[in-house]
Amino acid sequence: MSDPTPAPRPDATSARPHDRELDVVVLGATGFTGRLTAEYLARHAPADLRWGLAGRNAEKLAAVRTQLAEIDGVDPSVADLTLVAADVEDPDSLRALAERTRLVVTTVGPFLAHGRPLVAACAAAGTDYLDITGEPEFVDQVWLDHHAEAEATGARIVHACGFDSIPHDLGVRFAVGELPDDVPITARGVVRASAIFSSGTMHSALEQFARARPMSKVHAARRKAEGRPEGRRVRGVAGKPHRDRTLGYWLVPLPTIDPMIVVRSAAADASYGPAFTYSHYAGTKTLRYAAGGAAATGLLATAAQVGPVRRALLSRFPVGQGPDEKRRARSWFTVDVVAEGGGRTVHARVRGGDPGYTETAKMLAESALSLTYDDNPEVAGMLTPAQAMGEHLTARLQAAGMTFEVL
């Protein structure tokens, strides 16, 4: 069995491809979340960042670039952003893209259907890669197919850099940092939100519900190949519905990718203790809402098994569209993390605005800036956000308006 601790990047000081034409390219910039990500970079990226937009439709890309340059306060030089022709159905165009830049940021999902050729291109070229996937099967399959090659070329492949799963991954890391690192630690994450969740999230969720068997098979293959940390025990526990006395919420187990990401981070970092256990929930104020949430999740999982019903549901959530700015401004989320170890209990909270779109674009863009500019750990291969960027990304998000606090 191998140890899942990430490997050092080869030739640590020279592994990054500094000689590339571009630092960052946003693929999917004509989609809703992609446009928001590009807008965030236009507003906040340092002047020396060499970045561009990529997609398959040159006219739409040019229109996005023009719109960015017309935003109040944005440097007019954005009108000269490099545009790159790239199509997720064309592996040659993806190879050319990966060889042209140091980092590719993609919002083109569902990722199981559209993401694997781009990861392959980035792993081969030693190019860093970021996405916002919430699809466990995709993440596990990418590890099986490309983790070893990415380690060899120095590429950092970092999934789940949006609401899935940065608030949970960095939130647990933040809470665990308040406890001793030589004691067993038990943690639970509890998410609450008032928002319209993204169409991409709904598409990914329904497709994953429909693929429970292949998803389980790929996950088992990865676990067998990856091994477990030596001398430590790290695991995720589904948990049961109950009332949390510390938080005062009713908790419902939440079947998302977040626990998988948190557990991978813990497996790679001994500071999470010699034994680490994590459970993941949605929180509600009343039992009625908790029961309703559990029932709704069960109904979606059942509906996803019936092709015509699944397709009808998907048609109600068109990809590439999202709520207007006023609706997003009213949205919010919290992730409470309760971590216990060594006789101590830490209650930490991560807070932000609209989770599915505005904050996801912020988290993805700040992840790109962190990988580009920060003195992050010299590791390579498939990594979690906490492994790849940890304290630097936390600090960036705090400076950008998200809250990480101990209550």
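Definitions and cut-offs
The residue numbers shown here count from 1 along each chain, following its written sequence. For a predicted model such as this one, the threshold for reporting local features is a pLDDT of at least 70, and the threshold for listing and counting side-chain atom pairs is 80 or more; totals across whole chains, interfaces and linings nevertheless cover every residue. Derived side-chain values reflect all non-hydrogen atoms in the structure, with water molecules and hydrogen atoms excluded from consideration. Secondary structure elements are defined from DSSP: runs of H or I of at least 4 residues count as helices, runs of E of at least 2 residues count as strands, and each element is numbered from the N terminus. Exposure categories follow from relative accessible area, calculated using a 1.4 Å probe and restricted to protein chains: below 20% of the type maximum is buried, above 50% is exposed, and the middle band is partly exposed. Contacts between residues were defined by any pair of non-hydrogen atoms, one from each residue, lying within 4.5 Å. Accessibility throughout is a Shrake-Rupley quantity obtained with a 1.4 Å probe, and a residue counts as covered only by protein chains that appear here. The patches reported here contain residues having more than 30% relative accessible area and no salt bridge. Joining distances are 9 Å for like charges and 5 Å for nonpolar side chains (Val, Leu, Ile, Met, Phe, Trp, Tyr). By convention in these notes, a salt bridge is any Lys or Arg side-chain nitrogen within 4 Å of a carboxyl oxygen on Asp or Glu. Neither His nor the chain ends is counted toward charge; the positive residues are Lys and Arg and the negative residues Asp and Glu. Here the site of a charge means atom NZ of a Lys, CZ of an Arg, CG of an Asp or CD of a Glu. Two rings belonging to Phe, Tyr or Trp (six-membered ring only in the last case) form a pair when the distance between their centres is within 6.5 Å. Interplanar angles under 30 degrees mark stacking, angles over 60 mark edge-to-face geometry, and anything in between is tilted. Any Lys NZ or Arg CZ found within 6 Å of a ring centre and within 35 degrees of that ring's normal is scored as a charge over the ring. Among buried residues, the Ala, Val, Leu, Ile, Met, Phe, Trp, Tyr and Cys ones that are joined through side-chain atoms within 4.5 Å form a nonpolar core. A strand pair is defined by DSSP finding two or more bridges across the two strands. Definition of a polar contact: a pair of N or O atoms within 3.5 Å, with one able to donate and the other able to accept a hydrogen when the atoms are protein atoms, and with sequence-neighbouring residues admitted only if both atoms are side-chain atoms. Between the N-to-C directions of two axes lies an angle of 0 to 180 degrees, each axis being a line fitted to C-alpha atoms and, for a helix, fitted only over the stretch in contact. Each angle receives one of four descriptions, namely roughly parallel if under 35 degrees, roughly antiparallel if over 145, roughly perpendicular if within 65 to 115, and oblique otherwise. By convention the crossing between two helices is left-handed if the near helix lies anticlockwise of the far one by an angle smaller than a right angle, and right-handed if it lies clockwise. For this classification, Asp, Glu, Lys and Arg are treated as charged, while Ala, Val, Leu, Ile, Met, Phe, Trp, Tyr, Cys and Pro are nonpolar and the rest, including Gly, are polar.

**Q** Tell me about the overall build of the protein chain, residues and numbers included.
**A** If you tally the helices and strands in the protein chain, you get 16 helices and 16 strands. Put simply, the protein chain has 407 residues, and 52% of those count as buried. When contacts within the protein chain are restricted to residue pairs at least 6 apart in sequence, those whose partners lie at least 24 apart make up 80%. Working note: accessible area of the protein chain is about 17,600 Å², and carbon and sulfur atoms make up 52% of it.

**Q** Tell me about a positive patch on the surface, and please be specific about residues and values.
**A** Together, Arg223, Arg228, Arg233 and Arg235 make up a positively charged patch on the protein surface. Structurally, the position occupied by Arg228 is in the loop between helix 9 (212–226) and strand 9 (233–236).

**Q** Tell me about the packing of aromatic side chains, and please be specific about residues and values.
**A** Applying the stated rule across the entire model yields five aromatic pairs. Ring plane angle 85° and centroid distance 5.0 Å describe the contact between Phe32 and Tyr357, whose orientation is recorded as edge-to-face. One end of the pair, Phe32, is in helix 1 (residues 32–44); the other, Tyr357, is in the loop between strand 14 (344–352) and helix 14 (358–373), with 325 residues separating them in the sequence. Tyr357 shares its class with Phe32; the two are buried. Look at Phe174 and Phe404: their rings are 5.9 Å apart centre to centre, the planes differ by 65°, and that puts the pair in the edge-to-face class. Of this pair, Phe174 sits in helix 7 (residues 166–176) while Phe404 sits in strand 16 (residues 403–406), placing them 230 residues apart in sequence. Of note, Arg192 hangs over the ring of Tyr249, and the distance from its end group to the ring centre comes to 4.7 Å.

**Q** If you had to explain the pattern of salt bridges to someone new, which residues and values would you point to?
**A** In the structure shown here, the tally under the stated rule is 17 salt bridges. The shortest N-O distance in the salt bridge between Glu226 and Arg264 comes to 2.3 Å. Of the two residues, Glu226 sits in helix 9 while Arg264 sits in helix 10 (residues 258–267), which places them 38 residues apart along the sequence. The exposure classification of Glu226 matches that of Arg264, with both residues buried. Measuring nitrogen to oxygen at the nearest pair gives 2.8 Å for the salt bridge that ties Arg396 to Asp374. Taken together, the residues span a long stretch of sequence, with Arg396 in helix 16 (residues 390–399) and Asp374 in the loop between helix 14 and strand 15 (379–383) at a distance of 22 residues. The network of salt bridges with shared partners includes Asp140, Arg222, Glu226 and Arg264.

**Q** So what's going on with the nonpolar core? Which residues, and what values?
**A** With 96 residues, the main nonpolar core has Trp51, Leu53, Leu68, Leu130 and Phe276 as its most contacted residues. Apart from the residues within four sequence positions on either side, Leu130 is in contact with Leu103, Val104, Val105, Thr106, Val158, Cys161, Leu364, Ser367, Ala368 and Leu371. Grouped together as the second largest cluster of nonpolar side chains are six residues, Leu247, Tyr249, Tyr281 and Val338 included.

**Q** So what's going on with the pairing of strand 8 (residues 185–194)? Residues and values would help.
**A** With seven of ten residues buried, strand 8 is to be regarded as a mostly interior element. Note that strand 8 and strand 12 (residues 275–284) share seven bridges and pair parallel. Across the sheet, residue Ile185 finds its bridge partner in strand 12, namely Phe276. With nine bridges connecting them, strand 8 and strand 13 (residues 332–341) associate as antiparallel partners.

**Q** Mind laying out the environment of Gly342, listing which residues take part and the relevant values?
**A** As for its placement among the helices and strands, Gly342 is situated in the loop between strand 13 and strand 14. Between the C-alpha atoms of Gly342 and Val183, which are 159 residues apart in sequence, the distance is 5.7 Å. Among residues more than four places away in sequence, those in contact with Gly342 are Val183 and Pro184.

**Q** So what's going on with the side chain of Arg192? Which residues, and what values?
**A** Topologically, Arg192 is positioned in strand 8. The side chain of Arg192 is buried and forms no salt bridge, while Asp336, the nearest opposite charge, is found at 6.5 Å. Polar side-chain contacts of Arg192 include one of 3.5 Å to the backbone oxygen of Gly283.

**Q** I'd like a description of unusual backbone geometry, backed by residues and values.
**A** At the junction of Gly109 and Pro110, the peptide bond is cis and its omega measures out at -5° in the coordinates. The phi dihedral of Ala160 is positive, around 60°, even though this residue is not glycine. Looking at Ala160, the relative accessible area reads 0%, which means it is buried.

**Q** Could you give an account of the packing of helix 5 (residues 116–125) against helix 6 (residues 136–153), naming the residues involved and the relevant values?
**A** Between helix 5 and helix 6, the shortest axis-to-axis distance is 8 Å and the interhelical angle comes to 15°. It follows that helix 5 is roughly parallel to helix 6 by the angle criterion. Crossing geometry of helix 5 relative to helix 6 is assigned as right-handed. Taken together, the residues of helix 6 that come into contact with helix 5 (itself represented by Arg116, Val119, Ala120, Ala123 and Ala124) are Phe138, Gln141, Val142, Asp145, His146, Glu149, Ala150 and Thr153. Tallied by class, the residues present in the contact of helix 5 with helix 6 amount to seven nonpolar, three polar and three charged.

**Q** I'd like a rundown of the pairing of strand 5 (residues 101–106), residues and numbers included.
**A** Two faces belong to every sheet, and in a regular strand the side chains alternate between them. Counting buried residues along strand 5, six of its six residues qualify, which places the element largely inside the surrounding structure. Of the pairings in the sheet, the one linking strand 2 (residues 22–27) to strand 5 comprises five bridges and is parallel in character. Bridging from a neighbouring strand, Val25 pairs with Val104 of strand 5. Pairing between strand 5 and strand 6 (residues 128–130): three bridges, direction parallel. By the bridge assignment for strand 6, Val104 is matched with Tyr129.

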